[in-house]
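# Overview (structure and organization)
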Amino acid sequence: MPGPWPALLLALLLFLALPTPPSPPASPSLRELLPYPRATREALVALHLSNKASLRLLLGDEAARAYDRLLRLELNNQLSGKRSAFSKPEEALQAARLWVLAIGQALRAQAVDLRGLPTAPHHVLPHAQKIRAAAGALRIPYGVLAAIVDNEQYGGDKALGLSRGVREVADGLAQGLAELQGQAPLSRTLGLAQMSFEDALKQEPRLKRFGAWDPARPFPKTEAEARKALLDPYLNLLFTASRLRGYFNALLGLPQEDTRPLEDPWLYYLGPAWHNYPLRAQNLETWEDSFHGFFKGLFYQVALERRWYLKNGRLLPLKAWGPGACQAPPSPTPLYVP
């Protein structure tokens with residue numbers, strides 16, 4: 001009686017004869033994403049590598065890799081016809097260069113030139129402490145939350161104030177209808193980060209899990225209560241941070257109840273993108289709020305460590321005065337310490 005070896009040999013031959021699964025396509029090189037004559041292409045590659053090297057020196061390897069990932073995504077979208085923030089690679093690279101320069105200036109506590117960049121620091125800086133507190137309560141980078149506020153408020157400033165004026169009138173009307181009728185058929189978002197009252201009402205379990213909600217304060221239960229809470233800048237930021245934390249846990253494959261601190265620089269892209277337009281983000285599209293939002297996140301993560309004032313489109317460092325804030329000049333007479 002033959003042993004098991006012929007059957008095992010036949011199984012091995014059949015296995016070897018099966019077609020091997022196709023390997024995933026290789027990621028296109030940067031040069032493949034730049035369909036230009038050689039001299040132009042190499043100049044753009046050099047600019048990208050300069051931006052990446054500068055970010056590595058300023059913020060570390062992970063931030064540099066996140067920038068490289070975003071830039072390749074933007075260029076691939078331009079090439080494939082998907083929604084992109086810019087129509088030409090050189091526009092994206094030059095915008096990135098301006099942001100890198102601004103980040104470096106902020107890190108060195110120099111005057112920061114934000115002219116030419118779509119940003120609204122005059123809406124962000126007055127709420128710096130609230131932004132840091134709300135983001136810290138949900139253990140996400142505060143630069144992400146600051147970038148969302150900047151995006152939303154910059155958008156509200158467009159059209160010579162028309163957009164903001166219409167939105168504020170709609171918010172006021174909706175609040176009145178909600179108080180009188182229990183609900184309003186308009187104005188779904190409001191406040192600093194443009195948070196919807198529906199999403200705010202869903203945040204109670206997560207906020208309590210993180211210990212981020214004051215137990216002495218009743219949690220909003222109705223549309224009118226939620227709208228009123230969202231007009232409080234800190235609560236608006238807290239609800240937004242909670243919603244973001246839910247997104248991040250889901251996107252990163254973490255359990256819903258996970259409360260560990262999140263620090264990946266790619267969150268600076270994911271946060272503004274998902275908050276602004278989740279379907280576009282899911283489709284790996286890029287657009288103004290997601291592209292600039294990434295750099296705004298990096299920038300504010302640095303800038304909000306200091307105090308600034310705005311003058312003619314430039315951020316100027318605000319010097320602190322008081323005990324220990326400055327070093328006294330040396331005394332002309334020697335001091336003897338026993």
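Residues numbered from 1 in each chain as written. Predicted model: local features only at pLDDT ≥ 70, side-chain atom pairs only at ≥ 80, totals over all residues. Heavy atoms only, no water.

## Observations regarding the overall build of the protein
Applied cut-off: Each helix is a run of H or I in the DSSP string that is no shorter than four residues. Each strand is a run of E no shorter than two, and both are numbered from the N terminus. A 1.4 Å probe rolled over the protein chains alone gives each residue an accessible area, and that area as a share of the maximum for its type sets the label: buried under 20%, exposed over 50%, partly exposed in between. For this analysis, residues touch if any pair of their heavy atoms sits within 4.5 Å. Areas reported as accessible are Shrake-Rupley estimates using a 1.4 Å probe. Residue values count occlusion only from the protein chains shown.
In terms of helices and strands, the protein carries 15 helices and 5 strands. A total of 338 residues make up the protein; the buried ones form 45% of that total. Here the analysis covers contacts within the protein between residues at least 6 apart in sequence; of these, 67% occur between residues at least 24 apart. As displayed, the protein has an accessible area near 18600 Å², and 59% of this comes from carbon and sulfur atoms.

## Structural notes on the confidence of the model for the protein
Selection criterion: For every residue, the predictor assigns a confidence score, pLDDT, that lies between 0 and 100.
Residue-level pLDDT values for the protein average 84, and 76% of them are 70 or greater. In this model, residues 14–25 is a region of pLDDT below 50 whose contacts with residues beyond four sequence positions or in other chains number 0 contacts. Taken as a whole, residues 327–338 scores under 50 in pLDDT and shows 0 contacts with residues more than four places along the chain or in a different chain.

## A look at the nonpolar core
Selection rule: Buried Ala, Val, Leu, Ile, Met, Phe, Trp, Tyr and Cys residues that are joined via side-chain atoms within 4.5 Å together make up what is termed a nonpolar core.
If you look at the biggest cluster of nonpolar residues, it comprises 86 residues, and the most contacted ones within it are Ile131, Leu238, Phe239, Phe294 and Phe299. In terms of residue count, the dominant contributor to this core is helix H4 (residues 89–107) (9 residues). Dropping the residues within four chain positions of it, Phe299 is found in contact with Trp99, Ala102, Ile103, Ala106, Val112, Leu114 and Leu315.

## As for the environment of Leu59
Tracing the chain through its elements places Leu59 in helix H2 (residues 38–59). Overall, Leu59 belongs to the partly exposed group, its relative accessible area being 30%. Look past the residues within four positions of Leu59 in its chain and what remains in contact with it is Ile103, Leu298 and Val302.

## Re the environment of Thr119
Topologically, Thr119 is positioned in the loop between strand E1 (112–113) and helix H5 (121–124). Since its relative accessible area comes to 12%, Thr119 is described here as buried. Separated by 174 residues in the primary sequence, Thr119 and Gly293 have C-alpha atoms spaced 9.3 Å apart. Setting aside residues no more than four positions away along its own chain, Thr119 makes contact with Trp99, Leu114, Asp150, Tyr154, Lys296 and Tyr300.

## Quick word on helix H11 (residues 223–230)
The buried fraction of H11 is high, at 6 of 8 residues. Here H11 has its buried residues at Glu223, Ala224, Ala226, Arg227, Ala229 and Leu230.

## With respect to the pairing of strand E5 (residues 314–317)
Successive side chains on a regular strand alternate, one facing one side of the sheet and the next facing the other. The criterion, for reference: Pairing between strands is defined by DSSP: at least two bridges between the two strands are required.
Looking at chain direction, E1 and E5 are connected through 2 bridges and run antiparallel. Bridging from a neighbouring strand, Asp113 pairs with Arg314 of E5. In this sheet, E5 lies alongside strand E4 (residues 308–311) in antiparallel orientation, the contact comprising 4 bridges. Looking at E5, one finds that Tyr309 is bridged to Leu316. Linking two consecutive strands that pair antiparallel, namely E4 and E5, is a turn of 2 residues; a positive phi of about 55° is found at Asn312 within it.

## Things to note about the pattern of salt bridges
Operational definition: Any carboxyl oxygen of Asp or Glu within 4 Å of a side-chain nitrogen of Lys or Arg constitutes a salt bridge here.
Overall, the coordinates contain 15 salt bridges when judged by the stated rule. A salt bridge links Arg31 to Glu42; the nearest nitrogen and oxygen atoms lie 2.9 Å apart. Within this pair, whereas Arg31 is found in the loop between helix H1 (5–17) and H2, its partner Glu42 is found in helix H2, the two being separated by 11 residues in sequence. With relative accessibility at 41%, the residue Arg31 sits in the partly exposed group. The class for Glu42 is partly exposed, based on a relative accessible area of 25%. Among the salt bridges present, the one from Asp199 reaches Arg243, with a minimum N-O distance of 2.8 Å. Highlighted residues: Asp199 in helix H9 (residues 197–201) and Arg243 in helix H12 (residues 233–251), separated in sequence by 44 residues. The structure contains a network of salt bridges with shared partners spanning Arg31, Arg41 and Glu42.

## Details of the packing of H4 against helix H15 (residues 288–303)
Spelled out, the test is: Fitted lines through C-alpha atoms give the axes, limited to the stretch in contact for helices. The angle between two N-to-C directions lies from 0 to 180 degrees. Here the angle decides the label: under 35 degrees means roughly parallel, over 145 means roughly antiparallel, 65 to 115 means roughly perpendicular, and every other value means oblique.
One can describe the packing of H4 onto H15 by two numbers: an axis separation of 9 Å at closest approach and a directional angle of 10°. Comparing their axes, H15 and H4 come out roughly parallel. For the pair H4 and H15, contact is made by Ala92, Ala95, Ala96, Trp99, Ala102, Ile103, Ala106 and Leu107 and by Phe291, His292, Phe295, Lys296, Leu298, Phe299, Val302 and Ala303, respectively.

## Thoughts on the packing of aromatic side chains
Under the convention used in this document: A pair of aromatic rings is counted whenever rings of Phe, Tyr or Trp (Trp by its six-membered ring) have centres within 6.5 Å, and the orientation is called stacked for planes under 30 degrees apart, edge-to-face for over 60 and tilted otherwise.
Under the defined criterion, the tally for this structure stands at 13 aromatic pairs. Seen from their ring centres, Trp99 and Phe299 are 6.1 Å apart, and the 55° between their planes marks the pair as tilted. Here Trp99 is found in helix H4, whereas its partner Phe299 is found in helix H15, with 200 residues between them in sequence. Ring geometry for Tyr277 versus Trp287: centroids 6.4 Å apart, planes at 75°, classification edge-to-face.

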